[in-house]
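Close look at the chain arrangement
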2 protein chains.
Amino acid sequence: MTATPLEIGLLFFPGMTQLDVTGPFEVLARLPGARIHLLWKRIEPITSDVGLTLLPTTAFADCPQLDVLCVGGGPGQMALMDDLEVMTFVAKAGATARYVTSVCAGCFILAGAGLLDGYRSACHWLSRDQLAILGAIPVEDRIVVDRNRISGGGVTAGIDFAFQVAAELCGSEVAKRLQLMLEYDPKPPFDINERNAPPEMIAEIRASARSMLDERRRSNERAMARLRAGHVDSRTA
Amino acid sequence: MTATPLEIGLLFFPGMTQLDVTGPFEVLARLPGARIHLLWKRIEPITSDVGLTLLPTTAFADCPQLDVLCVGGGPGQMALMDDLEVMTFVAKAGATARYVTSVCAGCFILAGAGLLDGYRSACHWLSRDQLAILGAIPVEDRIVVDRNRISGGGVTAGIDFAFQVAAELCGSEVAKRLQLMLEYDPKPPFDINERNAPPEMIAEIRASARSMLDERRRSNERAMARLRAGHVDSRTA
């Protein structure tokens, strides 16, 4: 195993779904030569959507050029779409990263930063169709690779995604060994997904998520308007 | 869905493998009525084995009676075996919890606190045989249920485990809906586990883990000696 430094940046933000990033973190931090940057505006505690508080390691201003930029989702993602400091940072970091990646609704942050125009992407199943608002191509897969963009679907898909990224970076032998060490040989207690779930369960989830989905749609539309007007640009930072 | 308070305690400790507990956290924190307690001696930042810093929410002294006690693993587990403050807290909290649970090498902390004597338990595959040192019965399954003890195997098994615990606490409909929301329909990039891995990969992993496994064995033997001598007891706290 080589130990070429691998600069890996994971975006932290208030209201993130922590497993979107702590799943990939657990895998990627174990790659030979990995240097992990848990990125936020400042070094200050960040609390997830359901109450886990974590500490970033690297302020935006101190982020090196990245081999991998990874952005997760969670309800806090919507507020970021209007935060030009974040969107400009993501646009800049993404413009030079070897791999530009996302898990769950993190794809909207990449797309809002102009990084997914014409790219295929995964997303959480509930919001996937909204990728089209931002010029990306929604794909119903757990892991989607399009050129140097790699994306995972909702939340736990970040773990499958991370082993795929591990294989891209370090080869399949390293990724397999890590999968064995982290015992990723899943046996979910239930067989349920968006295709086989009872229609009434899907309808109930869509109904209870409606106001969040509407808010996300509006935030995506605002982000697209700003992109068209040239307000988010990797060169403006 | 009812919202009966569910007091759920997850042990934090320096050198833990964060995914052992952040996986279950993501699931259990979303249960109706869940009140999560991220437990450590004091409220102070805790850094995981590969560098994620998290904040506990509840000091041992402020821990309520629990519906679920959950303990994860990681290399920091070995130092805890000799820490009577921790072991006595775990013994006490476990004595009154409705469910006493572990992920990965967290089983040794439960066993060292006298909570697994004669119980079947899962464990990370590399260390599983050592459960016998502490009077527990090692089982080669991803999730093991024995009376009110529920355990998961290594690291990522904590996610499968958590949906099982969710079903025990709130019924299978709630657990299935959560599995759908967190999109747990895994498709690992590789099919690899302790049974189908190349023997040379298993041998290499065992060789590189030898000193850790020896240290764990000695810590388990010391813990068993203390248990036999009555030095860890839920009544002594």
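Just so it is clear, the structure is predicted and the values come from calculations on it, not from any experiment.

In this structure the tally under the stated criterion is 40 salt bridges over all chains. Taking the shortest distance from any N to any O, the salt bridge between A:Arg142 and A:Asp160 comes out at 3.1 Å. Linking A:Arg142 in the loop between β9 (137-138) and β10 (143-146) with A:Asp160 in helix α5 (residues 157-170), this pair joins segments that are 18 residues apart in sequence. The class for A:Asp160 is buried, based on a relative accessible area of 0%. Between B:Arg147 and B:Asp146 there is a salt bridge, with its nearest N and O atoms 2.9 Å apart. A relative accessible area of 55% means that B:Arg147 is categorised as exposed. Beyond isolated ion pairs, a larger network of salt bridges with shared partners links A:Arg128, A:Glu140, A:Glu194, A:Arg195, B:Asp185 and B:Lys187.

The next subject is the packing of helix α7 (residues 199-208) of chain A against helix α6 (residues 172-181) of chain B. The geometry of α7(A) relative to α6(B) is characterised by a closest axis approach of 11 Å and an angle of 65° between their N-to-C directions. The way α7(A) lies across α6(B) gives a crossing that is right-handed. For the pair α7(A) and α6(B), the contacting residues are A:Met201, A:Ile202, A:Glu204, A:Ile205 and A:Ser208 in the first and B:Glu173, B:Lys176, B:Arg177, B:Leu180 and B:Met181 in the second.

With that out of the way, let us pick up the relation of the copies chain A and chain B. Placing chain A over chain B gives an RMSD of 0.0 Å and needs a rotation angle of 180°, together with 0.0 Å of translation along the axis. With respect to symmetry, the two chain copies, as superposed, fit the operation of a two-fold axis. Considering only C-alpha atoms, the part of chain A nearest the rotation axis is A:Leu54, at 2.2 Å. Mapped onto chain B, 100% of the interface residues of chain A again fall at the interface, so both copies present the same surface.

Counted according to the given criterion, the structure contains 6 aromatic pairs over all chains. Pairing A:Trp40 with A:Phe60 gives two aromatic rings, centres 6.0 Å apart and planes at 75°, and the pair type is edge-to-face. Here A:Phe60 lies in the loop between β5 (58-59) and β6 (68-71) and A:Trp40 lies in strand β2 (residues 34-40), a separation of 20 residues in the sequence. A:Phe60 sits in the buried class, given a relative accessible area of 9%. Where B:Phe60 meets B:Phe89, the ring centres are 4.0 Å apart and the plane angle is 5°; that geometry is what we call stacked.

Counting 170 residues, the largest nonpolar core has A:Leu11, A:Val90, B:Leu11 and B:Val90 as the members making the most contacts within it. Looking at which element gives the most residues to this core, the answer is helix α5 (residues 157-170) of chain B, with 8 residues. Sequence-distant contacts of B:Leu11, that is, excluding residues within four places in its chain, are made with B:Met16, B:Val21, B:Leu39, B:Phe60, B:Cys70, B:Val71, B:Leu80, B:Val86, B:Val90 and B:Ile109.

Bringing the interface of chain A and chain B into the picture now. Note: interface size is frequently given as the accessible area lost on complex formation between the parts. With 62 residues of chain A in contact, the opposing surface of chain B contributes 63 residues. Carbon and sulfur atoms supply 64% of the area that chain A and chain B bury against each other, a total of about 5400 Å² over both sides. Contact with chain B buries area across many residues of chain A, yet A:Leu180, A:Glu183 and A:Phe190 alone supply 14% of it, more than any other trio. The interface formed by chain A and chain B contains 6 salt bridges.

Regions of empty space are outlined by a rolling probe, equal in size to a water molecule, passed over the atoms. Residue and element names in this part refer to chain B. Scanning the model with the defined rule gives 1 cavity of 30 Å³ or more in all. Considered as a void within the structure, the largest cavity measures approximately 30 Å³ in volume. In terms of lining residues, the largest cavity is bounded by Val100, Thr101, Ser102, Leu110, Leu116, Arg120, Ser121, Arg149, Ile150 and Ser151. Those elements that provide at least two residues to the lining of the largest cavity are β7 (99-103), β8 (120-121) and β11 (149-152).

Looking now at the UniProt feature "domain: DJ-1/PfpI" (unreviewed entry) in chain A. Look at the UniProt record and you will see "domain: DJ-1/PfpI" (unreviewed entry) annotated at residues 10-167 of chain A. Structurally, residues 10-167 of chain A comprises 29% helix and 23% strand, and the distance from its first C-alpha atom to its last is 18 Å.

This next bit is on the sheet that holds strand β4 (residues 53-55) of chain B. Read across the sheet, 4 strands follow the order β3(A)-β4(A)-β4(B)-β3(B) without closing on themselves; strand pairing throughout is antiparallel. For this open sheet the edge positions go to β3 (46-47) of chain A together with β3 (46-47) of chain B, each flanked by a neighbour on one side alone.

Right, let's get into the sheet that holds strand β10 (residues 143-146) of chain B. Residue and element names in this part refer to chain B. Taken together, the 7 strands give an open sheet; going across it, the order is β5-β2-β1-β6-β7-β11-β10, and neighbouring strands pair in mixed fashion. With one partner strand each, in any of the chains shown, β5 (58-59) and β10 form the two edges of the open sheet. Packing against the sheet, helix α1 (residues 18-28) makes contact with β1 (6-11), β2 (34-40) and β7, and its axis sits at approximately 165° to β1. The strands that α5 touches are β1, β6 (68-71), β7, β10 and β11; relative to β11, the one it contacts most, it runs at about 155°.

Further remarks concern the confidence of the model for chain A. Of the residues in chain A, 97% have a pLDDT of 70 or more, and the chain-wide mean is 96. Interface confidence for the predicted complex, expressed as ipTM, amounts to 0.95; the pTM equals 0.96.

Here the focus is helix α3 (residues 84-96) of chain A. Residues and elements named next belong to chain A. Counted at 1.5 Å a residue, the expected span for α3 with its 13 residues is 18 Å, and the 19 Å between its end C-alpha atoms agrees. Buried within α3 we find Val86, Met87, Thr88, Phe89, Val90, Ala91, Ala93 and Gly94. Capping the start of α3 is the job of one residue whose side-chain oxygen sits 3.1 Å from the backbone nitrogen of Glu85: Asp83.

All names here are of chain A. Side chains of strand β11 (residues 149-152) alternate between two faces, with Arg149 and Ser151 and Ile150 and Gly152 buried alike. Direction of pairing for strand β7 (residues 99-103) relative to β11: parallel, over a ladder of 4 bridges. Bridged to Ser102 within β11 is Ser151. Strand direction decides the pairing type here: β10 and β11, joined by 4 bridges, are antiparallel. When the bridges of β11 are listed, Ile143 appears paired with Gly152. As consecutive antiparallel partners, β10 and β11 are separated by 2 residues, and within that stretch Arg147 has a phi angle of approximately 50°, a positive value.

So, how was this worked out
- Residues numbered from 1 in each chain as written.
- Chains lettered and ligands numbered in written order.
- Predicted model: local features only at pLDDT ≥ 70, side-chain atom pairs only at ≥ 80, totals over all residues.
- Heavy atoms only, no water.
- Salt bridge = Lys/Arg side-chain N within 4 Å of Asp/Glu carboxyl O.
- Helix = DSSP H or I, 4+ residues; strand = E, 2+ residues; numbered from the N terminus.
- Buried < 20%, exposed > 50% of the residue type's maximum accessible area, 1.4 Å probe, protein only.
- Axes fitted to C-alpha atoms, helices over the stretch in contact; angles between N-to-C directions.
- Left-handed = near helix turned anticlockwise from the far one by under 90°.
- Contact = heavy atoms within 4.5 Å.
- Least-squares fit on C-alpha atoms with pLDDT ≥ 70 in both.
- Phe/Tyr/Trp six-rings, centres within 6.5 Å; stacked < 30°, edge-to-face > 60°.
- Core = buried A, V, L, I, M, F, W, Y, C linked by side-chain atoms within 4.5 Å.
- Buried area = accessible area lost by both parts, 1.4 Å probe.
- 1 Å grid on protein atoms, 1.4 Å probe; cavity = no way out; pocket = protein on both sides within 12 Å on 5 of 7 lines; lining within 4 Å.
- Points joined across faces, edges and corners; volume = space filled by probe spheres on them.
- UniProt positions renumbered as here; feature names shortened; annotations may be inferred.
- Pairing = 2+ DSSP bridges.
- pLDDT = per-residue confidence, 0-100.
- Expected span 1.5 Å × (residues − 1).
- Polar contact = N/O pair within 3.5 Å; in protein donor to acceptor, adjacent residues only side chain to side chain.

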